[in-house]
Amino acid sequence: MPTRTTRSRRRPRLAGALLAVVLPVAACSGGGGDSGGTSDGAPRDGGTLLVGAEADPGCLDPQQTGQISAIDVTRSVVDSLTAQDPKSGKIVPWLAKSFTTSADGSAFTFVLRDGVTFSDGKPVDAAAVKTTFDNLVKLPANGAPSYLIGYRGTTVTDSHTLTVTFKTANAQFLQATSTVGLGILSPASFTASAADRCRGEFIGSGPYVLDHYHTNREAVLNKRADYAWPSSLAAHKGAAHLAEVKFTFIPEAGARTGALSSGQVGIAKALQPTDEAQFTGNGFRVLSAPGPGLVPPLSLNHQGILADQKVREALLKGIDRQGLVDSVFSDSYKTATSVLSSATPYYEDFSDRLRHDPQGAKSLLDSAGWKEGKNGIREKDGKPLTLTWLIPAPMPPANEAVQQQLRKIGVDLKLKAVTPAVYVEQQQKGNFDLTAVGVTRADPDVLRNIFYTKSANLWHLPPSRLDTYLEQEAAATDAKTRQTAVSNAVRWILDHADTVPLYEGAQVHGVSDKVRGFTLDASNRFDLHDTWLG
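This is a predicted model, so every value here is computed, not measured.

1. Observations concerning the nonpolar core
- Among the nonpolar cores identified, the biggest contains 74 residues, and Leu-447 and Phe-451 are the most heavily contacted of them.
- Ranked by residue count, the leading element in this core is helix α13 (residues 479-495), at 6 residues.
- Apart from the residues lying within four places of it in its own chain, the contact partners of Phe-451 are Leu-294, Val-339, Leu-461, Leu-466, Asp-467, Leu-470, Ile-493, Asp-498 and Thr-499.

2. Some words on the sheet that holds strand β4 (residues 96-101)
- Spatially, 4 strands are ordered β4-β5-β7-β6 in an open sheet, and the strand pairing comes out antiparallel. Each edge of the open sheet is held by one strand with a lone partner, namely β4 and β6 (151-158). On average, each strand axis in the sheet is tilted by 20° relative to the strand beside it, whichever way the strands run.
- As paired elements, β4 and strand β5 (residues 107-112) share 5 bridges and run antiparallel to each other. Its bridge partner lying in β5, Phe-99 is registered against Phe-110.
- Seen against the sheet, helix α2 (residues 126-136) touches β5, β6 and β7 (161-166) and runs at an angle of roughly 170° to β6.

3. A closer look at the side chain of Ser-332
- Summarising the element assignment, Ser-332 is placed in the loop between α7 (321-328) and β14 (334-335).
- A polar contact of 3.3 Å, which involves the side chain of Ser-332, links it to the side chain of Glu-276.

4. Points about the confidence of the model for the chain
- Summarising the model, the chain shows a mean pLDDT of 90, and 93% of its residues fall at 70 or more.
- Taken as a whole, residues 1-39 scores under 50 in pLDDT and shows 169 contacts with residues more than four places along the chain or in a different chain.

How each quantity is defined
- Residues numbered from 1 in each chain as written.
- Predicted model: local features only at pLDDT ≥ 70, side-chain atom pairs only at ≥ 80, totals over all residues.
- Heavy atoms only, no water.
- Core = buried A, V, L, I, M, F, W, Y, C linked by side-chain atoms within 4.5 Å.
- Buried < 20%, exposed > 50% of the residue type's maximum accessible area, 1.4 Å probe, protein only.
- Helix = DSSP H or I, 4+ residues; strand = E, 2+ residues; numbered from the N terminus.
- Contact = heavy atoms within 4.5 Å.
- Pairing = 2+ DSSP bridges.
- Axes fitted to C-alpha atoms, helices over the stretch in contact; angles between N-to-C directions.
- Polar contact = N/O pair within 3.5 Å; in protein donor to acceptor, adjacent residues only side chain to side chain.
- pLDDT = per-residue confidence, 0-100.

Okay, here's the thing in structure tokens:
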């Protein structure tokens with residue numbers, strides 16, 4: 001499994017049109033941990049870690065959002081039943097000291113550790129786990145709630161023992177219990193409205209407590225002094241070292257890197273590829289980790305113009321993926337060779353279906369009735385081939401390059417950047433032709449999150465055999481069966497051009513060498529428990 005790197009890197013061949021990919025996401029692995037610069041000296045307690053964050057997430061509730069900008073904050077507030085080892089992908093104990101799966105894969109029994117409490121003083125017991133899951137399934141089956149599709153219920157055996165049961169085998173559930181989306185919340189959290197939970201009114205058992213969240217400004221965490229139950233992966237078993245962590249929302253990438261270089265922040269999130277070289281070996285380092293899961297794509301609304309498979313196929317053939325990586329990105333990124341990242345379990349190389357073929361793309365558009373117009377943009381029945389790409393600000397680095405590539409085959413791509421909150425609203429209403437939703441999680445079930453028509457189906461795919469493949473993937477009880485189902489699903493998706501993979505993404509952060517012991521979890525999210533300031 002690939003690991004994160006801290007190294008020098010070349011500059012991209014092209015500057016400009018560079019934007020950090022902020023994609024609505026879930027969880028992953030393949031990333032890993034950073035040893036924390038020069039690891040000399042014993043960890044010290046105290047101090048405030050300042051983080052320049054790329055965006056205000058608009059919502060912090062881990063049950064309602066999977067955005068990176070939210071999870072990097074809440075991962076330190078909410079603990080999970082299990083953790084995932086970034087190096088091996090193995091699921092290990094956290095709040096649950098042990099766990100077993102039934103022979104048919106449909107029931108999961110957890111035994112909780114002793115002495116764990118939420119920050120409101122209430123115990124983390126089996127009833128609290130049941131309350132968390134029972135409330136999670138009431139939300140729309142998108143993101144974390146989709147991990148519980150087929151949920152029959154949770155049976156409490158005693159205060160420390162519970163069994164979660166599904167209608168069929170659920171191959172992805174154990175990994176899902178390591179994500180913050182299935183993190184355990186105090187029952188008092190559910191007396192707050194969904195809107196208030198978005199604003200931070202939820203209670204976890206993590207090493208930090210949310211002090212406040214001010215929209216478009218900052219989110220601040222305070223250390224929980226009595227914390228003593230990190231996952232079995234933690235370097236030390238007591239309370240976190242830092243007294244406070246302040247995430248300041250700085251959407252402009254240049255301002256974030258400026259804040260890092262001037263010492264105003266210790267970590268600048270989502271470095272631009274062109275900025276990576278300036279933070280190597282001069283009191284700073286670049287922490288990059290490949291993202292497992294669904295690669296950043298063009299996510300296609302199957303209504304409107306893109307209901308025509310020939311047009312979707314033309315987009316698939318019209319992208320020069322190697323050119324995109326060479327011109328826009330750094331060594332932290334790779335060319336997409338499948339719908340899934342190569343860091344994802346059950347990945348298979350489908351690069352033969354992703355070859356750049358501009359002539360083939362033009363032929364498909366011709367046969368679909370879209371003829372070349374006077375300005376190079378194709379037309380049909382007097383209307384231009386114009387597609388609107390709905391984008392959560394800040395603009396990712398590749399978008400303008402993709403726009404330029406598709407113009408060469410006669411597609412007019414309109415880039416529409418909006419705030420994350422507006423993005424979510426517009427996406428749910430279907431007011432777009434394209435979005436770009438990559439899902440970062442170390443499990444191939446990310447395919448079901450996006451392409452299953454019995455789930456949220458934000459891209460309006462029609463029911464098809466793909467649903468069957470995704471159900472087989474989720475219900476598989478052995479690796480060979482699951483591999484077959486995953487490969488069938490990916491092959492179907494590409495053969496029907498249900499998405500347009502672009503490149504393999506990564507989480508890339510600039511870090512001051514004063515920040516020690518900073519790690520990313522298996523889902524490439526901030527893990528601040530062992531972090532300290534030197």
